[in-house]
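Residues per chain, in single letters:
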Amino acid sequence: MATATSPLSFLISHPQNAKTTPSSLSPSLHLPRHNNLTRLHCATSSTTELSASSPAAKNRRPAEENIRQEASRLHPHCNSEFSAWYEPFPSNKEDPNEKYSLDEIVYRSKSGGLLDVKHDMEALAKYPGSYWRELFDSRVGRTTWPYGSGVWSKKEFVLPSISPDQIVSLFEGNSNLFWAERLGKEHLGGMPDLWVKHCGISHTGSFKDLGMTVLVSQVNRLRKVPLSRPIAGVGCASTGDTSAALSAYCAAAGIPAIVFLPADRISIAQLIQPVSNGATVLSLDTDFDGCMRLIREVTAELPIYLANSLNSLRLEGQKTAAIEILQQFDWEVPDWIIVPGGNLGNIYAFYKGFEMCRALGLVDRLPRLVCAQAANANPLYRYYKSGWKDFNPITAETTFASAIQIGDPVSIDRAVFALQATNGIVEEATEEELMDAMSLADRTGMFACPHTGVALAALFKLRDSRVIKANDRTVVISTAHGLKFAQSKVDYHSGTIADMACRYKNPPISVKASFGAVMDVLRKSLNNGHN
């Protein structure tokens, strides 16, 4: 979409601890004990055995030892009683026994369909929901490796068999659940229980970190075992955020990263992240779907591990955001979760997280899911409006929500499954609707990205139609940090976006450097009730 030269350009410059002690569960917190149950070897490796003889405080590790080495010393063997594997999605009715080890490099089932990570639910169910709630809560905010991560604090539900020494974590997750008090009260008909889950407040500025820590950890594990075809690197096609997350985690692990990006279709902030982290960046004259086709062809020929959401390992990390939301509400289930949708893995990941908690007794119901799409890239919305009868990939048009500018989503079947299982809804937002929603939210204290604007615009529509009620506890998922999309905000507040009114624009005011001139402007602003 064409924009004129920004009057805000003059504002953009180009410039040249206390000790922490890894801690265990408080001695006053006694987790449920059960007869005939073995201790969770790897599962509780972040805790000391709870007993009357437990020390009141944990001794600090030797000064020359880091937290990863400490975990290996204390728990040299990770013979977890829990396990996980790949199965076809949906299940293979012709071959119900089709399954694959997580140590196999496989992305598709025999029939060419998607795979899904399945867990040994019977083993997990030996422990009641109250046990898991208390265990997960006990790990929040700790520095004990790797449980300080919002993902790895739920390790038993994610990748139970991996050794802590093989995990690549940047202490992701544990993101803010923002009470959108003013937005709900003043602009959404008095919603007292509106929340925004800021998944973009993460190491690389998007929710993709949650999944990438799991995928790169598994690659790190596989690179340390004999393989007939050793993994030389990890690759992905990306609209920006996936490449940033992959590059950062690979850099932390010392693993080569290769990213395919659509030329001139992502923000500078997104482009510079993989460049800075040392990835091999290929800028291709195509869209995301074209990049995806190419990376799949390349990974079939070269020993490069595929990191896109076709790989279901990432969804295991992303699902922990759902569990984290439950924790933040003291294990009460919200009524609605609104998720921006592009390649559509995330809506399924949220379903998996909520459903796993329901199945294991941590909660007793599921929230309703809403998938919000940009009208310029809305194949799921069209499918939904057809009554799930006619899915057709599209060529996505340009949208400010560039990370979801996808016309042929890999996880379409997963998304439909999640929505049908939760009596879910699909909504869309035009470019003007998403930018106005984003900018209005910013005026109430947020700094939202355009993708969050898509989800917020969907919320406005569902409130107008009274589908979502004023008192419904509603959580909007913010998938990326607004700073990654600063140019879109500059364009909006400059009022330079073609065919857009920019209702909430707030350009800076040029004022003569005199007391009288400044006072005139301020009086006018205050009298108008600015903001």
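Everything in this summary refers to the structure shown in the same document. The shown structure was predicted, so the numbers you read here are calculated from the model rather than taken from an experiment. (Residues numbered from 1 in each chain as written. Predicted model: local features only at pLDDT ≥ 70, side-chain atom pairs only at ≥ 80, totals over all residues. Heavy atoms only, no water.)

Between two packed helices, both the angle of their axes relative to each other and the distance between the axes serve to describe the pair. Direction vectors running N to C along helix α6 (residues 208-222) and helix α7 (residues 241-253) enclose 40 degrees, while the axes themselves pass 9 Å from each other. One way to sum up the angle between α6 and α7 is to call them oblique. Once α6 is placed against α7, the crossing between them reads as right-handed. Contacts between α6 and α7 involve Lys-208, Asp-209, Met-212, Thr-213 and Val-216 from the former and Asp-241, Thr-242, Ala-245, Leu-246, Tyr-249, Cys-250 and Ala-253 from the latter. Its residues placed into classes, the contact of α6 with α7 shows seven nonpolar, two polar and three charged. (Axes fitted to C-alpha atoms, helices over the stretch in contact; angles between N-to-C directions. Helix = DSSP H or I, 4+ residues; strand = E, 2+ residues; numbered from the N terminus. Parallel < 35°, antiparallel > 145°, perpendicular 65-115°, else oblique. Left-handed = near helix turned anticlockwise from the far one by under 90°. Contact = heavy atoms within 4.5 Å. Nonpolar A, V, L, I, M, F, W, Y, C, P; charged D, E, K, R; others polar.)

Bringing the pairing of strand β8 (residues 280-284) into the picture now. Pairing geometry for strand β7 (residues 257-262) and β8, over five bridges, is parallel. Looking at β8, one finds that Ile-258 is bridged to Thr-280. Viewed along the sheet, the connection from β7 through helix α8 (residues 268-276) into β8 turns out right-handed. (Pairing = 2+ DSSP bridges. Right-handed = clockwise from strand over helix to strand, strands pointing away.)

Attention now goes to the packing of aromatic side chains. Overall, the coordinates contain 21 aromatic pairs when judged by the stated rule. Within the aromatic cluster, the residues linked to one another by ring pairs are Phe-82, Tyr-127, Tyr-131, Trp-132, Phe-136 and Phe-157. One Lys or Arg, Lys-99, reaches over the ring of Trp-85 and ends 4.1 Å from the middle of that ring. When the ring centre of Phe-329 is taken as origin, the NZ or CZ atom of Arg-473, which lies over that ring, is 4.2 Å away. (Phe/Tyr/Trp six-rings, centres within 6.5 Å; stacked < 30°, edge-to-face > 60°. Lys NZ or Arg CZ within 6 Å of the ring centre and 35° of its normal.)

On to the pattern of salt bridges, then. Going through the model one piece at a time under the given rule, you end up with 18 salt bridges. Of the charged contacts in the structure, one is a salt bridge between Asp-103 and Arg-221, with a shortest N-O distance of 2.9 Å. Linking Asp-103 in the loop between β2 (100-101) and β3 (114-119) with Arg-221 in helix α6, this pair joins segments that are 118 residues apart in sequence. Put simply, Lys-489 and Asp-442 hold a salt bridge, and the shortest N to O gap is 2.4 Å. One end of the pair, Lys-489, is in helix α17 (residues 486-494); the other, Asp-442, is in helix α15 (residues 431-442), and 47 residues separate them in sequence. For Lys-489, a relative accessible area of 6% gives the class buried. The exposure class assigned to Asp-442 is buried, which follows from its relative accessible area of 17%. The network of salt bridges with common partners includes Asp-116, Lys-118, Glu-316, Lys-319 and Lys-352. (Salt bridge = Lys/Arg side-chain N within 4 Å of Asp/Glu carboxyl O. Buried < 20%, exposed > 50% of the residue type's maximum accessible area, 1.4 Å probe, protein only.)

One open sheet accounts for six strands, arranged β4-β5-β13-β10-β11-β12; its pairing is mixed. With one partner strand each, in any of the chains shown, β4 (177-179) and β12 (425-429) form the two edges of the open sheet. Here the strands of the sheet are splayed against their neighbours by 25 degrees on average, with no regard to which way each runs. Judged from the five bridges that link them, strand β10 (residues 336-340) and strand β11 (residues 368-374) form a sheet pairing that is parallel. When the sheet's bridge partners are listed, Ile-338 is paired in β11 with Val-370. Contacting β4, β5 (194-198), β10 and β13 (474-478), helix α11 (residues 320-328) crosses the sheet at an angle of about 135 degrees to β5.

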